[in-house]
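This is what each chain is made of:
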Number of protein chains: 2
Amino acid sequence: MAEKGLDIETVQVDLAAGEQFGDAYRMINPDCVVPALQLDDGSCLSEVLAICHYLEALHPEPALLGNEDEECARILMWNTKVEQQGLWPMADAFRNTAKGFVDRATTGPVAYPQIPALAERGRKRVEQFFYRLDGRLAAVEYIAGDSYSLADISAMVVVDFADWIKMSLPEDAQHTRRWYESVSSRPSAAA
Amino acid sequence: MAEKGLDIETVQVDLAAGEQFGDAYRMINPDCVVPALQLDDGSCLSEVLAICHYLEALHPEPALLGNEDEECARILMWNTKVEQQGLWPMADAFRNTAKGFVDRATTGPVAYPQIPALAERGRKRVEQFFYRLDGRLAAVEYIAGDSYSLADISAMVVVDFADWIKMSLPEDAQHTRRWYESVSSRPSAAA
């Protein structure tokens, strides 16, 4: 939204207080995860990719999912890799150790206990992901190629949230560091 | 591909023999996962969503990602829910117990040991997913609404692969059963 300069009314859901499990939010998304986008007809879209895709269709510029089909496919490919190799392992590491997530180790309305071994594996995978990115970013400016895209936003979230599990970019991941310095200094990153 | 009647040359990768970890396949996808689509210029696309999006753009009919923006967003939303709540938990259950996956509990080139507690959690989540689908399919014919879509294909994969972890649709998930009977009898399901 910030990259596209969209001014959409936002309502914060108090996750720490469990507001996402309350009846009001369940009417918006019965899977109890944020974010959700309410459309003019009152219906709601959830899941980040779906919301981004919809906003891109309505407001194509600046493009965050590419300007043509092959570029869009490559961005979706990289965004999926970032989610699978970075975001979910980071969430595994966080949710399976954080004190506030005892018996809430997965998103959603069902209580599942934490699995410490999964948190440990998550940390290793996040580190591996930073080096995977480094190999990629040695060859290209942005993750999906020449242009800043949704894949960069997703990867920036991994780096920013890594702080929560007391991890940071490895000193020797120099290309990832160069990329992070660039993307995190965009005005939208402060939004 | 079968739904769209596309005749694209396919090459099987021998996963049981570890061909995905060999040098030849790493040139196609360094993350060592299938499938991948080779384009005319020799470059390769990986990740299912990216490949489906690309094929849909080239061959729009029959639409599996919707005919207009809001429909597409809803399909992507449901497809994400199916992946998060069904496919990944199913993969967790399978990869963290199967004898052939000792030290290959995640996809990709790095060896991670199996986590039995994660497999157990995966089984519970798959069962929960079948009931989640049942609630949805009590109200609509297909997962994303009135039309068959990528979300149905992804969910059909969960049901079909559940067999590998010796699970099946609960007897009382009648709407999911009605839906599965319908989607699995499409000619494309035999492909």
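Quick caveat, the model's predicted, so the values are computed rather than measured.

By the element assignment, S46(A) lies in strand 2 (residues 44-46). Measuring from C-alpha to C-alpha, the distance between S46(A) and P35(A) comes to 6.2 Å, with eleven residues separating the pair along the chain. Beyond its immediate sequence surroundings of up to four residues, S46(A) is in contact with N29(A), P35(A), A36(A), I51(A), M77(B) and K81(B). Reaching out from S46(A), the side chain makes a polar contact with the side chain of N29(A) at a distance of 3.4 Å.

Turning to its location among the elements, F101(B) is positioned in the loop between helix 3 (69-95) and helix 4 (116-137). Not counting chain neighbours up to four residues away, the residues in contact with F101(B) comprise F94(B), R95(B) and Q114(B).

What follows deals with the relation of the copies chain B and chain A. With an RMSD of 0.0 Å, chain B superimposes on chain A once it is rotated by 180° and translated 0.0 Å along the axis. Taken together, the turn and the small shift mark the pair as related by a two-fold rotation axis. Residue L118(B), judged by its C-alpha, is the member of chain B lying nearest the rotation axis, at 3.7 Å. When the interface residues of chain B are mapped onto chain A, 100% of them are again interface residues, pointing to one common binding face.

Opposite charge on two side chains makes pairing possible when the charged atoms of those side chains draw close. Considering all chains together, one arrives at 14 salt bridges over all chains under this definition. Linking E47(A) and K81(B) is a salt bridge whose minimum nitrogen-to-oxygen distance equals 3.9 Å. Taken together, the residues E47(A) in the loop between strand 2 and helix 2 (48-58) and K81(B) in helix 3 connect one chain to another. In this structure K81(B) comes out as buried when scored by relative accessible area, which is 4%. Close ionic contact of R177(A) with E171(A) constitutes a salt bridge, the shortest N to O distance being 3.5 Å. When its relative accessible area of 31% is taken as the criterion, R177(A) is described as partly exposed. One continuous salt-bridge network, built from bridges that share partners, spans D31(A), E47(A), K81(B) and R132(B).

This part takes up the packing of helix 5 (residues 150-162) of chain A against helix 6 (residues 174-184) of chain A. Pairs of packed helices are described in terms of their axes, by the angle between the two and the distance that separates them. Residue and element names in this part refer to chain A. In contact at an axis separation of 11 Å, helix 5 and helix 6 are set at 105° when each is read in the N-to-C sense. One finds that helix 5 runs roughly perpendicular with respect to helix 6. Of the residues in helix 6, those in contact with D152, A155, M156, V159 and D160 of helix 5 are W179, Y180, V183 and S184. Partitioning the contact of helix 5 with helix 6 into residue classes produces six nonpolar, one polar and two charged.

Further remarks concern the interface of chain B and chain A. Taken together, the 41 residues of chain B in the interface contact 41 residues of chain A. Taking both sides of the interface into account, the surface hidden between chain B and chain A amounts to around 3,600 Å²; carbon and sulfur atoms contribute 59%. Our count for the contact surface shared by chain B and chain A stands at six salt bridges. Top element by residues in the side of chain B that touches chain A is helix 3 of chain B. It accounts for twelve residues.

This part is about the domain arrangement of chain A. All names here are of chain A. Each assigned domain of chain A is listed with its residue range as follows: domain 1 (1-62) and domain 2 (69-190). Domain 1 puts twelve residues into the contact, and the matching count from domain 2 is ten residues. Summed over both sides, the interface between domain 1 and domain 2 buries roughly 860 Å², with carbon and sulfur atoms accounting for 65% of that surface. Three residues, E3, F21 and L49, lead the burial of domain 1 against domain 2; their summed loss comes to 51% of the area buried on that side. One can count one salt bridge joining domain 1 with domain 2.

Scoring rules and cut-offs
Residues numbered from 1 in each chain as written. Chains lettered and ligands numbered in written order. Predicted model: local features only at pLDDT ≥ 70, side-chain atom pairs only at ≥ 80, totals over all residues. Heavy atoms only, no water. Helix = DSSP H or I, 4+ residues; strand = E, 2+ residues; numbered from the N terminus. Contact = heavy atoms within 4.5 Å. Polar contact = N/O pair within 3.5 Å; in protein donor to acceptor, adjacent residues only side chain to side chain. Least-squares fit on C-alpha atoms with pLDDT ≥ 70 in both. Salt bridge = Lys/Arg side-chain N within 4 Å of Asp/Glu carboxyl O. Buried < 20%, exposed > 50% of the residue type's maximum accessible area, 1.4 Å probe, protein only. Axes fitted to C-alpha atoms, helices over the stretch in contact; angles between N-to-C directions. Parallel < 35°, antiparallel > 145°, perpendicular 65-115°, else oblique. Nonpolar A, V, L, I, M, F, W, Y, C, P; charged D, E, K, R; others polar. Buried area = accessible area lost by both parts, 1.4 Å probe. Domains from an automatic or database assignment.

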